[in-house]
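# Structural overview for review
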Amino acid sequence: IGFIVFLATYFSNYLHTFIQSYPAWLTAILGWLFWFIFWTAGFLITTLSFTILTNVIGSPFYGLLAEKTQLQLYPISLPATTFSFWKILPHTLAREALKLIYFAPWLLLCLVLFIFPPTFPLAPLVWWLVLVWISAIQYIDYTADNQQVSLKEMIKHLKKSPFITLGFGTAVIFAMTIPGANLIVPPAAVVGGTLLWHSLASKK
């Protein structure tokens, strides 16, 4: 919240400087449009922050959930050896760190687009694409990790089916915006990601 308030103060001053040379009627339209984009982007940023935080905390449990889902639906798809919760915890947190490193340049790109008014109208679209891509990777990765597929290989495979992957991410993000439902969306997305990964993996 503090970060959004800080950006709003900065954005207000910057926007005033940017549009003050335009006619009054155009200034009003641009001011309304840019503020609408800003608060929409702020909502998306909040959603992403909540998602990343909860996933880092819940990642060991989500990994076990993905494993149980695989055992129920695809019992021969897992390696023969499984591990206890405390043994997989360091590996799971390390995997989350790798994903955050992968996400960081994309998030930085969105931030740069938001800073400069000429690129500001493009920022929400780029942000949305980045957000759904990140969400898809996040929830599909638990199953891929259980199958000992590296993050790099998993992302490479997802790029072969971009529309399906982005569609899954979009569904997750839309569900996340529903109050109350966002509490059950993460585990449901893990199960959905398991099904999707096996569907895509069968196309290799």
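The sections below set out a description of the structure shown in this document. (Residues numbered from 1 in each chain as written. Predicted model: local features only at pLDDT ≥ 70, side-chain atom pairs only at ≥ 80, totals over all residues. Heavy atoms only, no water.)

Okay, the pattern of salt bridges next. Within the structure shown, the criterion is met by four salt bridges. Put simply, Arg95 and Asp141 hold a salt bridge, and the shortest N to O gap is 2.5 Å. With a gap of 46 residues between them, Arg95 in helix H3 (residues 85–115) and Asp141 in helix H4 (residues 123–146) connect regions that are remote in the sequence. Both residues of the pair, Arg95 and Asp141, belong to the buried class. For the salt bridge of Lys99 with Glu96, the shortest nitrogen-to-oxygen distance reads 2.8 Å. (Salt bridge = Lys/Arg side-chain N within 4 Å of Asp/Glu carboxyl O. Helix = DSSP H or I, 4+ residues; strand = E, 2+ residues; numbered from the N terminus. Buried < 20%, exposed > 50% of the residue type's maximum accessible area, 1.4 Å probe, protein only.)

Right, let's talk about helix H6 (residues 162–176) for a bit. Taking 1.5 Å per residue as the helical rise, H6 with its 15 residues ought to reach 21 Å, and the 21 Å between its terminal C-alpha atoms agrees with that figure. Inspection of H6 places Thr165, Phe168, Gly169, Val172, Ile173 and Met176 among the buried residues, and these make up the whole buried set. For H6, the buried positions fall inside an angular range of 130° around the axis, keeping them on one side. What points out from H6, more than 90 degrees from its buried face, is the exposed set Phe163 and Phe174. (Expected span 1.5 Å × (residues − 1). Arc of directions from axis to C-beta.)

What follows concerns empty space enclosed by the protein. Overall, the coordinates contain three cavities of 30 Å³ or more when judged by the stated rule. Computed from the structure, the largest cavity encloses a volume of approximately 140 Å³. Residue lining of the largest cavity: 13 residues in total, with Leu7, Phe11, Phe38, Phe114 and Phe120 positioned closest to the centre. When contributions to the lining of the largest cavity are tallied by element, the ones reaching two or more residues are helix H1 (2–19), helix H2 (24–73) and H3. Residue composition of the lining of the largest cavity, grouped by class: 12 nonpolar, one polar and no charged. (1 Å grid on protein atoms, 1.4 Å probe; cavity = no way out; pocket = protein on both sides within 12 Å on 5 of 7 lines; lining within 4 Å. Points joined across faces, edges and corners; volume = space filled by probe spheres on them. Nonpolar A, V, L, I, M, F, W, Y, C, P; charged D, E, K, R; others polar.)

Our next topic: the side chain of Thr143. Inspection of the secondary structure puts Thr143 in helix H4. A distance of 2.7 Å separates the side chain of Thr143 from the side chain of Thr194, its partner in a polar contact. Other than its neighbours up to four places away in sequence, Thr143 contacts Ala66, Gln70, Gly193, Thr194, Trp197 and His198. (Polar contact = N/O pair within 3.5 Å; in protein donor to acceptor, adjacent residues only side chain to side chain. Contact = heavy atoms within 4.5 Å.)

Moving on to the nonpolar core. One finds Ile137, Tyr139, Ile140, Met154 and Leu158 to be the most contacted residues of the largest nonpolar core, which totals 45 residues. Among the elements of the structure, H1, H2, H3, H4, helix H5 (151–158), H6 and helix H7 (185–201) are those that each provide at least two residues to this core. Among the elements that take part in this core, H4 stands out by supplying 13 residues, more than any other. Beyond its immediate sequence surroundings of up to four residues, Ile137 is in contact with Lys99, Tyr102, Phe103, Leu151, Met154, Ile155 and Leu158. (Core = buried A, V, L, I, M, F, W, Y, C linked by side-chain atoms within 4.5 Å.)

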